[in-house]
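A closer look at the structure
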Amino acid sequence: MRLLIVEDERRLARSLAAGLTAEGYAVDVVHDGLEGLHRATEGVHDLVVLDIMLPGMNGYRVCAALRAAGHDVPVLMLTAKDGEYDEAEGLDTGADDYLTKPFSYVVLVARVKALLRRRGRAGGSPVLTAGDLRVDTATRRVHAGGEEVALTAKEFAVLEHLATRTDEVVGKPEILEHVWDFAYEGDPNIVEVYISALRRKLGADRILTVRGAGYRLVAVESS
């Protein structure tokens, strides 16, 4: 899943991005409200972590503009303010949750996961299937042939993206964009490393290489 952080405190933004990346999310970061609104309206993010006190456009206005334009992406608001009025104002603009600084990183991660689970339930089953492969996006657990398979956070993220497009060819650039982020400048062959790891754990016949195009997750039933 891909998250957008809109936060002008650059040290905090870097810290949040590093932590959420370690949790297996692809994370984009911007530092002002206008850019945050532009990026959020692209429709590629699963959740927005939005500060209230931002240059260009404050978080209240960003959230209100998103909702007025029909975007239902979950929004977790961050603010240094504290008080019922501020929380009410944030929620009135369409925010889904509210966290006051300073906050525990553990609490933030729990709130992010809860919002993503809630969105999964609203949009249908959080379990993606391909034959006897089950990818539970809420609990982040994978079963193949009835057996649970332990995956790292990045392995799960790659598999999850493939599972949302079962039987379709998914290109390496798309995987990089959604599992890492738009600013990733490392070796693009990192995708092949994770595909190889998934084949070792799940079976080589589940993920096919389409030469020159990408990869396809196929439905396999255990014998």
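Along every chain, residues carry numbers that run from 1 in the direction the sequence is written. For a predicted model such as this one, the threshold for reporting local features is a pLDDT of at least 70, and the threshold for listing and counting side-chain atom pairs is 80 or more; totals across whole chains, interfaces and linings nevertheless cover every residue. To obtain the side-chain values, all non-hydrogen atoms of the structure were used and water was disregarded.

**What about the pattern of salt bridges?**
We count it as follows: Salt bridges, as used here, are contacts in which a Lys or Arg side-chain nitrogen is within 4 Å of a carboxyl oxygen on Asp or Glu. Secondary structure elements are defined from DSSP: runs of H or I of at least 4 residues count as helices, runs of E of at least 2 residues count as strands, and each element is numbered from the N terminus. Partly exposed residues are those whose accessible area sits between 20% and 50% of the maximum for their type, while under 20% is buried and over 50% is exposed, using a 1.4 Å probe and protein chains only.
Summed over all chains, the structure comprises 15 salt bridges. Among the ionic pairs, Lys201 bridges to Glu155, the shortest N-O distance being 2.8 Å. Of this pair, Lys201 sits in helix H8 (residues 190-202) while Glu155 is found in helix H6 (residues 153-163), placing the two residues 46 residues apart along the sequence. Residue Lys201 is classed as partly exposed on the basis of its relative accessible area, which comes to 36%. For Glu155, a relative accessible area of 7% gives the class buried. Sharing partners across several salt bridges, the network here consists of Arg2, Asp28, Arg39 and Glu42.

**Quick word on the pairing of strand S1 (residues 2-6)**
How we decide: Note on pairing: two strands pair once DSSP finds at least 2 bridges between them. Handedness of a crossover is defined as follows: orient the strands so they point away from the viewer, and if the path from the first strand over the helix to the second runs clockwise, the crossover is right-handed.
In terms of burial, S1 is a largely internal element, five of the five residues being buried. In S1, alternate side chains face the same way, and those of Arg2, Leu4 and Val6 on one face and Leu3 and Ile5 on the other are all buried. Note: S1 against strand S2 (residues 26-30), five bridges, orientation parallel. Directly across from Leu3, in S2, lies its bridge partner Val27. You can see the chain leave S1, run along helix H1 (residues 10-22) and come back into S2, and the turn it takes is right-handed. Sheet topology places S1 next to strand S3 (residues 47-51); four bridges connect them, and they run parallel. Counterpart to Ile5 in the pairing with S3 is Val49.

**Description of the UniProt feature "modified residue: 4-aspartylphosphate" (unreviewed entry) in the protein**
Note the threshold: UniProt positions are given in the numbering used here, feature names are shortened, and annotations may be inferred rather than shown by experiment. Any two residues having at least one pair of non-hydrogen atoms within 4.5 Å are treated as being in contact.
Feature annotation in UniProt places "modified residue: 4-aspartylphosphate" (unreviewed entry) on Asp51, given in this structure's numbering. The contacts of Asp51, once residues within four sequence positions are left out, are Val6, Glu7, Asp8, Gly59, Leu78, Thr79 and Lys101.

**Topic: the sheet that holds strand S5 (residues 97-100)**
Which entries qualify depends on this criterion: As a rule, the C-alpha atoms of each element are fitted with a line to give its axis, helices using only the stretch in contact, and angles between N-to-C directions run from 0 to 180 degrees.
Taken in spatial order, the five strands line up as S2-S1-S3-S4-S5 in an open sheet, and their pairing is parallel. This sheet does not close on itself; its edge strands, each paired only once, are S2 and S5. On average, each strand axis in the sheet is inclined to that of its neighbour by 20°, with strand direction left out of account. Where helix H2 (residues 33-40) meets the sheet, it contacts S1, S2 and S3, and its direction lies at approximately 165° from that of S1. Sheet strands in contact with helix H3 (residues 59-68) are S3 and strand S4 (75-79), and its direction is about 170° off that of S4.

**Focus: H1**
Note the following rule: The span you would expect from a helix comes to 1.5 Å times its residue count less one.
Helix length check: H1, at 13 residues, gives a terminal C-alpha distance of 18 Å against a target of 18 Å (1.5 Å per residue), a fit within 8%. Those residues of H1 that sit buried are Ala13, Leu16, Ala17, Gly19 and Leu20. The first or second residue beyond H1 is Gly24, which carries a positive phi of 105°.

**Here's the deal with the sheet that holds strand S7 (residues 133-136)**
Read across the open sheet, the four strands follow the order S6-S7-S8-S9; overall the sheet is antiparallel. Since the sheet does not close on itself, it has two edges, and those belong to strand S6 (127-130) and strand S9 (147-149), each with one partner. Pairs of neighbouring strands in the sheet enclose a mean axial angle of 25°, with direction left out of account. Where H6 meets the sheet, its contacts fall on S6, S7 and strand S8 (141-144), and the angle it forms with S7 comes to roughly 110°.

**Side note on the environment of Ser196**
Its place among the elements puts Ser196 in helix H8. Sequence spacing of Ser196 and Glu155 is 41 residues, and the spatial spacing of their C-alpha atoms is 9.9 Å.

**With respect to the packing of H6 against H8**
Our working definition: Oblique is the label for any angle not covered by the other classes, which are roughly parallel (under 35 degrees), roughly antiparallel (over 145) and roughly perpendicular (65 to 115).
The geometry of H6 relative to H8 is characterised by a closest axis approach of 10 Å and an angle of 85° between their N-to-C directions. What the angle tells us is that H6 and H8 run roughly perpendicular. Counting all contacts with H6, which are made through Lys154, Glu155, Val158, Leu159 and Leu162, the residues of H8 involved are Tyr194, Ile195, Ala197, Leu198, Lys201 and Leu202.

**Section: the nonpolar core**
Across soluble globular proteins, nonpolar side chains show a tendency to be buried alongside one another. Counted only if it meets this: Among the buried residues, those of types Ala, Val, Leu, Ile, Met, Phe, Trp, Tyr and Cys that are joined through side-chain atoms within 4.5 Å form a nonpolar core.
Counting 23 residues, the largest nonpolar core has Leu133, Leu159, Leu162, Ile175, Leu202 and Leu217 as its most contacted members. At the level of secondary structure, the elements contributing two or more residues to this core comprise S7, S8, H6, helix H7 (172-179), H8 and strand S11 (214-217). Looking at this core, the element that brings in the most residues is H6, giving six residues. For Leu202, the contacting residues outside a window of four places in its chain are Leu133, Val142, Ala144, Val149 and Leu159. Formed by 19 residues, the second largest nonpolar core is a distinct cluster that contains Ile52, Tyr60, Val73 and Tyr98.

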